[in-house]
Amino acid sequence: MNDTQDTARWHPVARAADLRPGANIVAGFAEGQELALWRAADGTPQAWENRCPHRSVRFTLGQVVGNRLSCAYHGWQYAAGSGQCTSIPAHPAMQAPRNVCAKTFAVAEAAGMLWVHLSPEAPPAPSALADAIPAGWHFCRTLTARASAGAVRAAMQRRGLSFDDATGAWTGRLGGTRAAALVLDAQPALAFVHLWSDAAPGSDAMKNLHAAARALRGDIEALPTPE
Amino acid sequence: MKDTMPFATDDPNMLDDWLVAGAATPEPRTTRLLGETVRLWSDADGTPQCRLGEQPLAVQSRYGHFWVCPSGRPARPLFDFPEYGEPGRRAIDCSGIGVAVSGLRVIENFLDMAHFPFVHADYLGKVPHTEVAQYQVNIESATGEIWATDCRFWQPRASAAHDLGSEVFYKYRVMQPFSAMLYKSSSRAGELDAIGIFLQPVDEERVIAHTLLACYDDVSTDAELIAFQQTIFGQDKPILENHAFKRMPLEGRAETPTRGDTSSVTYRRWLRERGMRFGTRAAA
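Residues numbered from 1 in each chain as written. Chains lettered and ligands numbered in written order. Predicted model: local features only at pLDDT ≥ 70, side-chain atom pairs only at ≥ 80, totals over all residues. Heavy atoms only, no water.

**Thoughts on the overall build of chain B**
Within chain B one finds 5 helices and 16 strands. Taking 19 Å as the expected radius of gyration for a compact globule of 284 residues, we find that chain B reaches 19 Å, a close match to that expectation. Taken along the three principal axes of its C-alpha coordinates, chain B extends 60 × 50 × 35 Å. Classification of the 284 residues of chain B by burial places 51% in the buried group. Sequence-distant contacts in chain B: of pairs separated by 6 or more residues, those separated by 24 or more amount to 60%. Summing over all exposed atoms, chain B offers an accessible surface of approximately 12,700 Å²; the carbon and sulfur share of this is 50%. Treating the 30 positive side-chain charges of chain B as one cloud and the 38 negative ones as another, the clouds have centres 4 Å apart. (Helix = DSSP H or I, 4+ residues; strand = E, 2+ residues; numbered from the N terminus. Rg over C-alpha atoms; globule rule 2.2 N^0.38 Å. Buried < 20%, exposed > 50% of the residue type's maximum accessible area, 1.4 Å probe, protein only. Contact = heavy atoms within 4.5 Å. Areas by Shrake-Rupley, 256 points an atom, 1.4 Å probe, with all protein chains shown as cover. Lys, Arg positive; Asp, Glu negative; His and termini not counted. Charge placed at Lys NZ, Arg CZ, Asp CG, Glu CD.)

This is the structure:
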């Protein structure tokens, strides 16, 4: 796995279609960092630390209001893009101080996924991300495994899937169905696997992939946790 | 005795104070306090008893509740609650509700009016009436208690008799790090209802919140008054349990207050000055 640093550090946090413009907020994780994922009304994806700077309540309890995120606790609003606080309802006449700002992360949309980079100096997203999932493939499911991402990758290797250095995707057959898997290091002992396939939704091949995914998780979680 | 104490903290702010341990009932029961299980009951003559294993702990029964001093060396007497049992007032125990967060977060929430229109929409507030007007916060020298006065907030249903919204007046009082009271306009002219919140510290990130009313109300049943308080608390609970840090930071820049957070800022400073460690988060 040489020369994969950029790809490896762009984390596939969620399926792009799960975030609707100006609507919902999705809880995300990457390397232990909790994220609030949402889309402004204009469609631009946002990945923020899941914590209001005022009293540390999770942003995922809040709501999207146009191109702003509103905290559930005191209604403070923050602008998409910059994360800058724009409104403190307790003091309607006061301009929100410039130092009140949500922590934002770099986010890219490619291959039907949202990718997040945790570094404040995130490089531009590599163009190879667009090839992580072949065009025209269908989303199967996101599998959660109570195991490290390393343990998940080891299990992929044992199943004979091959790792693509450029995109960070594992490809091969699971349950006889062609599949592509993106592994997310969510927390030290929590990994997500986003599974895609060329099988049609509802087809027997897709059902076989679902069954193989459940079996895969069973195998991963049955392994003893390294102390 | 102090050296062998098994409790989950050595913070004298908790060990040397009176901690609520639930309603004072004669039947023996067990409950959790500072990471330990204690047994409580009242003797036939009403004397309260508390044991940690075989070891007796200092306990008193006041305001319908047991109060335990873990070290047996209370730094000060239990606070006064003169409205409890005052003629004409109804004293109603609204029971205890578990909350998975530091008790300091619960008290700070109790002192806060700015969240009314968002967390208690249509009950204690309503957008666009979101403004928190300036109020006074003082520390009373005789008792060391925090008092917030001249607090007022627009409420959609100020009383059962009024459909229209109006300004309601509040006073707040913090007696201990884990106990506070509020006083607000009542149905009786010139009198204030009193609501106490007493937090039983289960551990640094868990409390049982006991709520007690001493109010004027000739209309509502006990069940209605309890249901209202539990509805309000049920709206706060998911917010309180979703602080990204369950413990409260007293220093540093992890959290940014605004102008109307005077009560909260004073409470945090008051905790800092007394060296509070239990339920706090170290500065990053």
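The structure having been displayed, the exposition proceeds.
**Describing the interface of chain A and chain B**
Contact residues are listed per partner, giving 22 residues for chain A and 28 residues for chain B. Summed over both partners, the interface of chain A with chain B comes to about 2,200 Å²; 54% of that surface belongs to carbon and sulfur atoms. For the chain A face of the interface with chain B, the top three residues by lost area are Arg55, Tyr73 and His91 of chain A, together amounting to 31%. The interface formed by chain A and chain B includes 3 salt bridges. For Arg55 of chain A, the salt bridge goes to Asp261 of chain B, with nearest N and O atoms at 3.9 Å. (Buried area = accessible area lost by both parts, 1.4 Å probe. Salt bridge = Lys/Arg side-chain N within 4 Å of Asp/Glu carboxyl O.)

**Concerning the sheet that holds strand β5 (residues 63–65) of chain A**
Residue and element names in this part refer to chain A. Spatially, the 4 strands line up as an open sheet ordered β5-β6-β7-β8, and their pairing is antiparallel. Of all the strands in the sheet, just β5 and β8 (85–87) have a single pairing partner and so form its edges. Taken pair by pair, the neighbouring strands of this sheet meet at an average axis angle of 35°, ignoring direction. Relative to strand β6 (residues 68–70), β5 runs antiparallel, the two being bridged by 3 bridges. Bridge pairing in β6 links Val65 to Arg68. (Pairing = 2+ DSSP bridges. Axes fitted to C-alpha atoms, helices over the stretch in contact; angles between N-to-C directions.)

**Focus on helix α4 (residues 222–240) of chain B**
All names here are of chain B. Between its terminal C-alpha atoms α4 stretches 26 Å, which fits the 27 Å expected from 19 residues at 1.5 Å a residue. Along α4, the residues that are buried comprise Leu225, Gln229, Ile232, Phe233, Asp236, Ile239 and Leu240. Packed against the buried residues of α4 are β8 (90–99), α2 (103–110), α3 (116–119), β13 (192–203) and β14 (206–215). (Expected span 1.5 Å × (residues − 1).)

**Remarks on the packing of α2 of chain B against α4 of chain B**
Residue and element names in this part refer to chain B. Interhelical geometry of α2 versus α4 gives an angle of 130° and a closest axis separation of 11 Å. It follows from the interaxial angle that α2 and α4 lie oblique. The handedness of the crossing between α2 and α4 is right-handed. Contacts between α2 and α4 involve Arg105, Val106 and Asn109 from the former and Phe233, Asp236 and Leu240 from the latter. A class-by-class count of the residues in the contact of α2 with α4 yields 3 nonpolar, 1 polar and 2 charged. (Parallel < 35°, antiparallel > 145°, perpendicular 65-115°, else oblique. Left-handed = near helix turned anticlockwise from the far one by under 90°. Nonpolar A, V, L, I, M, F, W, Y, C, P; charged D, E, K, R; others polar.)

**Some words on the packing of aromatic side chains**
Throughout the structure, instances matching the rule amount to 23 aromatic pairs over all chains. Ring geometry for Phe163 of chain A against Trp170 of chain A: centres 5.1 Å apart, planes inclined by 55°, an arrangement best described as tilted. You can call Phe163 of chain A partly exposed: its relative accessible area is 27%. Here a set of aromatic residues connected by ring pairs shows up, and it is made of Tyr63, Trp67, Phe79, Phe81, Tyr84 and Phe198 of chain B. The aromatic ring of Trp270 of chain B is capped on one face by Arg274 of chain B, whose charged end is 4.0 Å from the ring centroid. Lying over the aromatic face of Phe245 of chain B, Arg281 of chain B brings its terminal NZ or CZ to 3.5 Å of the ring centre. (Phe/Tyr/Trp six-rings, centres within 6.5 Å; stacked < 30°, edge-to-face > 60°. Lys NZ or Arg CZ within 6 Å of the ring centre and 35° of its normal.)

**Focus on the domain arrangement of chain B**
Residues and elements named next belong to chain B. Structurally, chain B comprises domain 1 (2–69) and domain 2 (90–281). Contacts between the two partners involve 21 residues from domain 1 and, on the opposite side, 17 residues from domain 2. Note on domain 1 versus domain 2: buried area summed over both sides is about 1,500 Å², and carbon and sulfur give 56% of it. On the surface where domain 1 and domain 2 come into contact, there are 1 salt bridge. Looking at the side of domain 1 that touches domain 2, the elements that each hand over two or more residues are α1 (12–15), β1 (19–23), β2 (29–33) and β7 (65–69). The biggest single contributor to the side of domain 1 that touches domain 2 is β1, with 5 residues. Grouping the amino acids of the side of domain 1 that touches domain 2 by side-chain chemistry returns 11 nonpolar, 6 polar and 4 charged. (Domains from an automatic or database assignment.)

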